[in-house]
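Reading the structure
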Amino acid sequence: MTFHPDRFFSDALTRLREEGNYRRFADLERRCGQFPRALERCEGTSRDVTVWCSNDYLGMGQHPDVLYAMHRAVDEVGAGAGGTRNISGTTRAHVELEAELAGLHDKEAALLFTSGYVSNWATLGTLGARIPGLVILSDALNHASMIEGIRHSGARKVIWRHNDLADLEAHLAALPAETPKLIAFESVYSMDGDIAPIAEICDLADRYGAMTYLDEVHAVGLYGPRGGGVAEERGLMDRLTVIEGTLGKAFGVMGGYIAASAALVDFIRSFASGFIFTTALPPAVASGALASVRHLKMSQSERAAQKARVSQVRAGLDRLGIPHLDNPSHIIPVMVGDPVKCRYLSDVLMSRHGIYIQPINYPTVPKGTERLRITPSPVHSGTDVAKLLAALGELWSQCQLARVPQAAE
Ligand SMILES: *Cc1c(COP(=O)(O)O)cnc(C)c1O
């Protein structure tokens, strides 16, 4: 039998559709200055929608300081960096941004990458490949970029149960004392919104002589008095070997980074293929990110307003008995538990209510835990919240989805 590539591809996609896991992208035109409002285009028509699932958590993607910095950079230095960091692509903006990020995390140095994904993939990949005998202890719910980096490194990997200190300790204790070890985990987990016991993990790292690698992608800009993340909020930044973050979520722009000791950063700069052999971020992107980091270092108003909106949405869901994961973060996962229903809810929210919440299905989350992941932000108004809650309440009845019994007072 001859192999028919396109038949192979379309059969695989048909199976994905049948499972309800086929991904459709919403075609959005964000309205600068009006976000979370956007124009959604679908099959030749368009409509106004309110976005409730963005990772531009604080609306920094339209902040005047960020836009001004980017416009000015384009006018002054042009569009692209024009090279890898090594060959003509390092500009003033890159150097200043790296210094700013090192300062944000109280580390000696920082290193920029083209995305958070690449920063995880390249850093873990390089540490795992270059440190002889390194064992990487990886939390079971780590992001795909960490998993791929570890896999690519070829290092021995040990997966410990999510946020489970006893399991982590058992694995650490089973390794010889002289074996180099690295514990890789996240602070805020993106899909459940729960937060790791960072201090206790650092205690174990000290006891067993392990390095620590913390992904703070969903926390930088949002937690800590200067937006340095959960480790800053809890006074733990100096206990972590590597802190990794993104400039594409709360900072509203694009790019990723690590912050660590000068020696570790220089090592990654010198050996990581995913850092070396790729064009540097456009200077305007670095300038915009720099303006965003600087703004959120000083300003508390965005973080405070976000917290208030998050509480308001949670309280409303509780009143309606709509099940959502109870967690200490800004991420509100409304649990549906079925991929087809999850997709249907999302479609009806969009078509009937002008509310955009992307359904989160397998493989992003385990089967049976399909959900709508809601991310309230300071740019959502009280009216937006009321509309969201009314729409969800109506749909919950219409789809006969289970409600949580009201807790007795
Ligand atoms: C989004 C995400 C990343 C990747 O960051 P990007 O800048 O979007 O590439 C890394 N880690 C986690 C936990 C994420 O959710």
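Source: prediction; values computed, not measured. (Residues numbered from 1 in each chain as written. Predicted model: local features only at pLDDT ≥ 70, side-chain atom pairs only at ≥ 80, totals over all residues. Heavy atoms only, no water.)

**Comments concerning the domain arrangement of the chain**
Quoted interface sizes are often the accessible area lost when the parts come together. Where we set the bar: Each domain's limits were defined by an automated method or a database of domain assignments. Between two residues, a contact is recorded if the distance between any of their heavy atoms is within 4.5 Å. Each of two parts loses accessible area, computed with a 1.4 Å probe, when they are put together; buried area is these two losses added. The salt bridge definition used is simple: a Lys or Arg side-chain nitrogen within 4 Å of an Asp or Glu carboxyl oxygen. By the criterion applied in these results, polar contacts are pairs of N or O atoms within 3.5 Å in which, for protein atoms, one can donate a hydrogen and the other can accept it, and in which residues neighboring in sequence qualify only through two side-chain atoms.
Examined at the domain level, the chain breaks down into domain 1 (24–53 + 300–399) and domain 2 (64–298). Centre-to-centre separation of domain 1 and domain 2, based on C-alpha positions: 28 Å. Contact residues are listed per partner, giving 18 residues for domain 1 and 21 residues for domain 2. Counting the surface lost from both domain 1 and domain 2, the interface buries some 1400 Å², and carbon and sulfur atoms represent 51% of this. Our count for the contact surface shared by domain 1 and domain 2 stands at 1 salt bridge. The partner of D192 in a salt bridge is R371, and the shortest N-O contact between them spans 2.5 Å. Taken together, the connections running from domain 1 to domain 2 amount to 11 residue pairs in polar contact (both at pLDDT 80 or more).

**Some points on the packing of aromatic side chains**
In this description, an aromatic ring pair is defined by two values, namely the gap between the centres and the angle between the planes. The condition is simple: Each Phe, Tyr or Trp ring (for Trp, its six-membered ring) is paired with any other whose centre lies within 6.5 Å, and the angle between the two planes then decides the class: stacked below 30 degrees, edge-to-face above 60, tilted in between. Going along the chain from the N terminus, every DSSP run of H or I of four or more residues is numbered as a helix, and every run of E of two or more is numbered as a strand. The criterion for a charge sitting over a ring is simple: Lys NZ or Arg CZ within 6 Å of the ring centre, and within 35 degrees of the ring normal.
Evaluation of the coordinates by the stated rule reveals 4 aromatic pairs. Between F3 and F8 the ring centres are 5.7 Å apart and the planes differ by 55°, which places this aromatic pair in the tilted class. Taking the centre distance of 4.9 Å and the plane angle of 50° together, the rings of F267 and F271 count as tilted. Here F271 and F267 lie together in helix α10 (residues 262–271), a separation of 4 residues that amounts to about one turn. Taken together, the ring pairs in this structure connect F3, F8 and F9 into an aromatic cluster. The residue whose ring lies beneath R17 is Y22, and the NZ or CZ to ring-centre distance is 4.1 Å. Here R30 stacks its cationic end above the ring of F35, 3.7 Å away from the centre of that ring.

**Details of the packing of helix α13 (residues 301–320) against helix α15 (residues 382–398)**
Selection rule: Between N-to-C directions, angles span 0 to 180 degrees; the directions come from axes that are lines fitted to C-alpha atoms, helices contributing only their stretch in contact. In what follows, roughly perpendicular refers to angles from 65 to 115 degrees, roughly parallel to angles under 35, roughly antiparallel to angles over 145, and oblique to any angle outside these ranges. Each crossing is labelled by how the near helix is turned from the far one, with a counterclockwise turn of less than a right angle marking it left-handed and a clockwise turn marking it right-handed. All amino acids are sorted into three groups, where Ala, Val, Leu, Ile, Met, Phe, Trp, Tyr, Cys and Pro are nonpolar, Asp, Glu, Lys and Arg are charged, and the leftover types, Gly among them, are polar.
Running from N to C, α13 and α15 cross one another at 25°; their axes reach a closest spacing of 10 Å. Judged on the interaxial angle alone, α15 and α13 are roughly parallel. Between α13 and α15 lies a crossing of right-handed hand. Residues R309, Q312, V313, G316, L317, R319 and L320 of α13 form the contact with α15, whose participating residues are G382, V385, L388, L389, L392 and G393. Split by residue class, the contact of α13 with α15 holds 7 nonpolar, 4 polar and 2 charged.

**Digging into the nonpolar core**
Selection criterion: We define a nonpolar core as any set of buried Ala, Val, Leu, Ile, Met, Phe, Trp, Tyr and Cys residues linked to one another through side-chain atoms lying within 4.5 Å. Type-normalised accessible area, obtained with a 1.4 Å probe on protein chains alone, sets the label of each residue: buried when under 20%, exposed when over 50%, and partly exposed for intermediate values.
Counting residues in hydrophobic clusters, the biggest one holds 55 residues, and the most contacted among them are L101, I183, F185, I198 and L247. Here F185 is in contact with D139, N142, M146, W160, A196, I198, I201, T212, Y213, L214, D215 and L240, once residues within four sequence places are set aside.

**A word on the sheet that holds strand β11 (residues 332–335)**
We apply this condition: DSSP bridges decide pairing: two strands pair if at least two such bridges lie between them.
Read across the open sheet, the 3 strands follow the order β11-β14-β13; overall the sheet is antiparallel. A single partner strand is all that each edge strand has here, and the edge strands are β11 and β13 (359–360). Lying on the sheet, helix α14 (residues 339–353) is in contact with β13 and β14 (371–374); it crosses β14 at an angle near 45°.

**Points about the pairing of strand β10 (residues 256–260)**
Of all 5 residues in β10, 5 are buried; the element is thus mostly enclosed. Residues G256, I258 and A260 of β10 are buried on one face, and the alternating residues Y257 and A259, pointing to the opposite face, are buried as well. Strand direction decides the pairing type here: strand β4 (residues 109–113) and β10, joined by 5 bridges, are antiparallel. Across the sheet, residue L111 finds its bridge partner in β10, namely I258. With 4 bridges joining them, strand β9 (residues 242–246) and β10 adopt antiparallel strand pairing. Bridge pairing in β10 links G245 to Y257.

**Considering the environment of A391**
When you line up the elements, A391 lands in helix α15. Of the residues examined, A391 reaches a relative accessible area of 1% and is grouped as buried. Sequence-wise, A391 and R343 are 48 residues apart; in three dimensions their C-alpha atoms are separated by 15 Å. Apart from the residues within four sequence positions on either side, A391 is in contact with L349, H353 and I355.

**Description of the site of the ligand**
The cut-off we apply is this: Residues are labelled near a given molecule or strand when at least one of their non-hydrogen atoms is within 4 Å of it. Here the Shrake-Rupley method, with its probe set to 1.4 Å, supplies the accessible areas, and only the displayed protein chains count as covering residues.
Near the ligand lie 13 residues; those nearest to it are G116, D215, H218, T246 and K249. D215 places a polar side-chain atom, nitrogen or oxygen, 2.7 Å from a nitrogen atom of the ligand. Within the contact set of the ligand, an oxygen atom lies 2.6 Å away from a side-chain nitrogen or oxygen of T246. Contact with the protein chains removes 83% of the 380 Å² of surface that the ligand exposes when unbound. No other element matches helix α5 (residues 116–130), which puts 3 residues into the shell around the ligand.

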